[in-house]
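# Overview (structure and organization)
The residues making up each chain are set out below.
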Amino acid sequence: EAAELAGAEGCAVEWVRASGSARSIPLGAFAALLPATGGPLPAGVELLARARHALAERAAGRRLVLCVDDGQLLDDASAALVHQLVAAREAFAVVSVRRDEPTPDALRALWKDELCARLELGELGRGEVEALLGAALGGPIDGRSVNALWELTRGNALFLRELVRHGVDHGLLAETGGMWRWRGEVTTGTRLAELVDVRIEDAGPSGRDVLELISVGAPLEAALLEPAALEALERRELVVRRTDGRRRFADVAHPLHGEAVRARLTSTRVEAIHTQLADAVEAHGARRSGDLLRIAVWRLEAGAAGDAELFARAADQALAAADVALAERLARAAVDAGAGFGARLALARALAGLARAPEAQTLLAGLAAAAASDRERAAVATATARNLFWALDRADEADAVLRDAERRVGDASLRHELMAQRVRLMAGEGRPQAALAAARPLLEDPSVDERARTTVVLGATEALFTSGRTNEAIALIDASLPIARRHRAELPHGEPVLLGMRALSLFLAGRLVEATALSGRTYAALLPRRSAPATAVEANVLGLIWLARGRVRTALRFSRESAALLRDGDAVGMLPFALAVVAQAAAQAGEPAAARAAVAEMERTPLGHKGWAIELGLARAWSAAANGELSTARALAREAAARARSRDQNGYAVRALHVLCRLGDPDAAAPELAVFAERVDGPFAVTAAAHAAALVDGEGAALLDVAERFAAEDALLVAAEAADAASAAHRDSGRAASARAAAARAALWLTQCEGARPPTMLTAPDAVGLTPREHEIALLAAGGASSRQIAGRLVISVRTVDNHLQNAYRKLGVTRRQDLPRVLNGAPD
């Protein structure tokens, strides 16, 4: 950046790239910039004088800017030359050095003698890495890729650049559907491995052996490793130790150290290390909860194929960890080694989780015939019903399987689990009243164990929030989360799904800021897990919430990420839901072609979770509106509202009716919204009803009040629409000043909606139009400064300050200084 800026200012920019190979040559780093001498080099002062003269000639009267990369590798003469040029003001130098390596004395003297400013550049945080990647790639990158790149590089900008370059050059990091993604595991290229390898080469033979073990198996118990070699690696900062209870573990100091070591290992050596690690952990008792899974994976990687029981137990653990790809490998190895019913069931569940539903169903059909106990029959019935419902769009068959199993199973606790699954699937089918009726006796029965109760709660919660009873849904979730956390191993999806449902409850209630915070935390917690479907669903929920807040680009980024992940494997039948949010966001962002494309793909894809069918209807409506087909759009919104009403999904009915209101038919929406405002929890239903009523009445003051209420919940795009309608109503009534004030509010809110161009606002409202001086004075006043203080700070008269403030009040639609902090929140510079 410094070089680009200097070049733009007409400076002479020269790059100096230091290297270890040129360090033994005087002025070796400057060799490319200096003319050939044709004879022996002069020494000392004369050598530096000639170099300074040559650089001055290259600058040709322009100011010289030197950009020195890896300054710690400069030879002494080159370092002295840089120091002289800066001290004599013959050059401006930008020098990068690594803080953990020795720097030549002449360079250190630059900041000791205060000839330069020294900036300590730390590693980038995850958010900074995401922003940098988006800027470099020219578009958003999905969260899982960001997470992997950040964790692997730990925010090191050099490593990040090389890793991204490798990914793009090899087609691993590519843009599809408006979203950059890294396909497969994020791995380093040869160049990056070589960069990191500089420090690893000095570890010595015994150190390299221990480093190889740690790189392949980390974190490893310190007791498994040779103490002296481990201590030497710690001193070189290649390895770190940490404590977990009474056990101490060793890990690589930086993830790329492990990548660099693994890149040099042959397949034979890797297999030998896996065997050595498995033997060592088994010899130490394999007492940690994750040891069995680690041993099984190491045995599998080493080519061992005979331990059926080990692989079968490990497959169950992988399923519990939601790593279905690993579970499939382990279960198949167990089956190949002769394992029986349990391993085949694990394989079927893994195949279903990998969106290979037909294969899973074939295997499950065979298992149903082979089941010999109540537990086996219940397990097969549950897996079969879930596969039929979510992946194969065969809800009636799924219910029949569960009912049949209930009749055949004698154990009460197993029957409870089957009944709990029925509740979950009823809610997923969009039948909230049936789900609640089936859930109530189970929730009231103290004999129902916690595992089955958690599944019941999932169904009951969805039924409650979709029917508009969000307060009850949130209360039930909060009471059930401790139980779900106790059963993470058996029901790994329980806690994140409950948290996602809590966010959805807050969203439908209109508590958008709370919903965003909760959904954002849940999404971030899911990113490191190896469960793409769970991450995809939460990303889409987050996109839906951001869309309600009017941040159309953020909503597109999350919904497109969700769709991309689900295209890779949609075991839960949720891709159409993701595409529906893409279409709605694209339509409100002013991208009708993108909205049409999303709807077209949505129509080709079966929706497993029928509870979300209303969102598909709203996607059709928004897409039609974006294409100018407003009559069609309104008809589709009315159809979505009618469907929600017919299912008693009152929460969704309010949402659909409000979309109908926004699309220009408040007369049809207002009566029903007035009724729902009394039945549906949360501020959204009440404000939506007020919005429809104000539009019907054409009352400007009421519309502006509604706009302020939406803005208070950070629903800024709807607030802008309502304020724009208020401006039109005032204008029609001849109240020009009120019209300008409302238009100013609309324009101000619209600036925070990421360039939104919804079909509900065919023309942008009048711009606020603050001059730079008016904006500066208004901001100072909003911060609490008096007119006299502002005048003194800006060296102008108090009268001028007050005149500018009066102009700002008029343009912002306020009358007093106390209103400025509220209206200037997020105002553009």
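## Observations regarding the overall build of the chain
Secondary structure summary: the chain contains 41 helices and 8 strands in total. Taking all 829 residues of the chain together, the buried fraction comes to 51%. Accessible surface, the chain as shown: approximately 36,300 Å² in total, 51% of it carbon and sulfur.

## Side note on the side chain of Glu 406
Its location among the elements puts Glu 406 in helix H19 (residues 395–408). Since its relative accessible area comes to 18%, Glu 406 is described here as buried. Excluding residues that lie within four positions of it along the chain, Glu 406 makes contacts with Arg 415, Leu 418, Met 419 and Arg 422.

## Describing the environment of Ala 59
Along the polypeptide, Ala 59 turns up in helix H2 (residues 44–59). When the C-alpha atoms of Ala 59 and Leu 330 are compared, they prove to be 66 Å apart, with 271 residues separating the residues in sequence.

## A closer look at helix H36 (residues 716–732)
Every α-helix winds through 3.6 residues per turn, so residues three or four apart in the chain are directed the same way. In this model H36 runs 24 Å from its N-terminal to its C-terminal C-alpha over 17 residues, within 8% of the 24 Å that 1.5 Å per residue would give. Where burial is concerned, most of H36 is hidden: 12 out of the 17 residues are buried. Along H36, the residues classified as buried are Leu 716, Leu 717, Val 718, Ala 719, Ala 720, Glu 721, Ala 722, Ala 723, Ala 726, Ser 727, Ala 729 and His 730. Two residues or fewer past H36, Gly 734 is found with a positive phi of approximately 80 degrees.

## A few points about the packing of aromatic side chains
Each aromatic ring pair is described using two quantities: the centre-to-centre distance and the angle formed by the ring planes. For the structure on display, the rule yields 4 aromatic pairs. Summarising the aromatic geometry, the rings of Phe 577 and Trp 612 are spaced 4.1 Å apart at their centres and angled 10 degrees between planes, so their arrangement reads as stacked. Of this pair, Phe 577 sits in helix H28 (residues 575–588) while Trp 612 sits in the loop between helix H29 (592–603) and helix H30 (613–626), and the two are 35 residues apart along the sequence. The same class applies to Phe 577 and to Trp 612, which are both buried. Lying across the ring of Trp 111, Arg 118 places its NZ or CZ 4.4 Å from the centre.

## Here we look at the sheet that holds strand S7 (residues 239–244)
Here we have 3 strands laid out as an open sheet, ordered S6-S8-S7, and antiparallel in their pairing. Looking along the sheet, the strands with just one partner apiece sit at the ends: strand S6 (220–221) and S7. Bridging between S7 and strand S8 (residues 247–252) involves 6 bridges; their strand directions are antiparallel. When the bridges of S8 are listed, Arg 241 appears paired with Ala 250. Its contacts with the sheet place helix H10 (residues 227–235) against S7 and S8, and it is angled at close to 110 degrees to S7.

## Some remarks on unusual backbone geometry
For the peptide bond that leads from Ala 218 to Pro 219, omega is -5 degrees, which places it in the cis range. Note that Pro 219 resides in the loop between helix H9 (205–217) and S6. We note that Arg 154 has phi near 55 degrees; this positive angle belongs to a residue other than glycine. Position of Arg 154 among the secondary structure elements: in the loop between helix H6 (143–153) and helix H7 (157–169).

## Details of the environment of Asp 142
Here Asp 142 is to be found in the loop between helix H5 (126–137) and H6. Separated by 37 residues in the primary sequence, Asp 142 and Met 179 have C-alpha atoms spaced 6.5 Å apart. The contacts of Asp 142, once residues within four sequence positions are left out, are Met 179, Trp 180, Arg 181, Trp 182, Arg 557 and Glu 561. A distance of 2.5 Å separates the side chain of Asp 142 from the side chain of Ser 145, its partner in a polar contact.

## Points about helix H17 (residues 357–370)
Its 14 residues give H17 an end-to-end C-alpha distance of 20 Å, which sits within 8% of 20 Å, the value for a rise of 1.5 Å per residue. Along H17, the residues classified as buried are Ala 357, Ala 360, Gln 361, Leu 364 and Leu 367. Taken down its axis, H17 places every buried residue within 125 degrees of arc, on the same side. In H17, the exposed residues that point more than 90 degrees away from the buried face are Pro 358, Thr 362 and Ala 369. Where H17 is buried, its residues contact helix H16 (341–353) and helix H18 (374–391).

## A closer look at the nonpolar core
Of all hydrophobic cores here, the largest spans 124 residues; its most connected members are Phe 507, Val 654, Leu 663, Leu 673 and Trp 749. The element contributing the most residues to this core is H28, with 11 residues. Counting residues in hydrophobic clusters, the runner-up holds 50 residues, among them Ala 278, Leu 293, Leu 319 and Ala 346.

## Describing the pairing of strand S4 (residues 173–176)
The pairing of S4 with strand S5 (residues 179–182) spans 4 bridges and is antiparallel. When the sheet's bridge partners are listed, Glu 175 is paired in S5 with Trp 180. The antiparallel pairing of S4 with S5 creates a hairpin that spans 2 residues between the two strands, and Gly 177 there sits at a positive phi of about 60 degrees.

## Quick look at the state of the cysteines
Note: disulfide means a covalent bond formed between the sulfur atoms of two cysteine side chains. Applying the stated criterion across every chain, the model contains 0 disulfides. As a non-bridged cysteine, Cys 67 has Cys 11 as the owner of its nearest cysteine sulfur, 10 Å distant. Judged by its relative accessible area of 4%, Cys 67 is buried. Of the cysteine sulfurs around Cys 661, a residue in no disulfide, the closest is that of Cys 753, at 17 Å.

## Topic: the sheet that holds strand S3 (residues 91–95)
Here 3 strands make up an open sheet; going across it, the order is S1-S2-S3 and the pairing parallel. Sheet topology places strand S1 (12–17) and S3 at the edges, where each strand pairs with a single neighbour. Here the average twist between neighbouring strands, direction ignored, is 20 degrees. Summarising the sheet, strand S2 (residues 64–69) and S3 pair through 5 bridges and their orientation is parallel. Across the sheet, the residue bridging to Val 65 is Phe 92, located in S3. Those strands touched by helix H3 (residues 76–87) are S2 and S3, and its axis lies near 130 degrees from that of S3.

## Section: the confidence of the model for the chain
A low pLDDT means the predicted coordinates there should not be read in detail. Here the chain averages 88 in pLDDT, and 94% of its residues register 70 or above. Here residues 825–829 is modelled with pLDDT under 50, and outside its nearest four sequence neighbours on either side it reaches 9 contacts, counting other chains as well.

## A few points about the pattern of salt bridges
All chains considered together, the criterion is met by 53 salt bridges. Between Arg 394 and Glu 397 there is a salt bridge; the shortest N-O distance is 2.8 Å. Look at Arg 394 and you get partly exposed, because its relative accessible area is 32%. A relative accessible area of 38% places Glu 397 in the partly exposed class. As a salt-bridge pair, Glu 591 and Arg 560 come within 3.6 Å of each other at their nearest N and O atoms. On the criterion of sequence distance, the pair formed by Glu 591 in the loop between H28 and H29 and Arg 560 in helix H27 (residues 552–568) is long-range, its members being 31 residues apart. For Glu 591, a relative accessible area of 21% corresponds to the partly exposed category. Arg 560 gets classed as buried once you look at its relative accessible area, which sits at 19%.

Calculation rules
- Residues numbered from 1 in each chain as written.
- Predicted model: local features only at pLDDT ≥ 70, side-chain atom pairs only at ≥ 80, totals over all residues.
- Heavy atoms only, no water.
- Helix = DSSP H or I, 4+ residues; strand = E, 2+ residues; numbered from the N terminus.
- Buried < 20%, exposed > 50% of the residue type's maximum accessible area, 1.4 Å probe, protein only.
- Areas by Shrake-Rupley, 256 points an atom, 1.4 Å probe, with all protein chains shown as cover.
- Contact = heavy atoms within 4.5 Å.
- Expected span 1.5 Å × (residues − 1).
- Phe/Tyr/Trp six-rings, centres within 6.5 Å; stacked < 30°, edge-to-face > 60°.
- Lys NZ or Arg CZ within 6 Å of the ring centre and 35° of its normal.
- Pairing = 2+ DSSP bridges.
- Axes fitted to C-alpha atoms, helices over the stretch in contact; angles between N-to-C directions.
- Polar contact = N/O pair within 3.5 Å; in protein donor to acceptor, adjacent residues only side chain to side chain.
- Arc of directions from axis to C-beta.
- Core = buried A, V, L, I, M, F, W, Y, C linked by side-chain atoms within 4.5 Å.
- Disulfide = S-S within 2.5 Å.
- pLDDT = per-residue confidence, 0-100.
- Salt bridge = Lys/Arg side-chain N within 4 Å of Asp/Glu carboxyl O.

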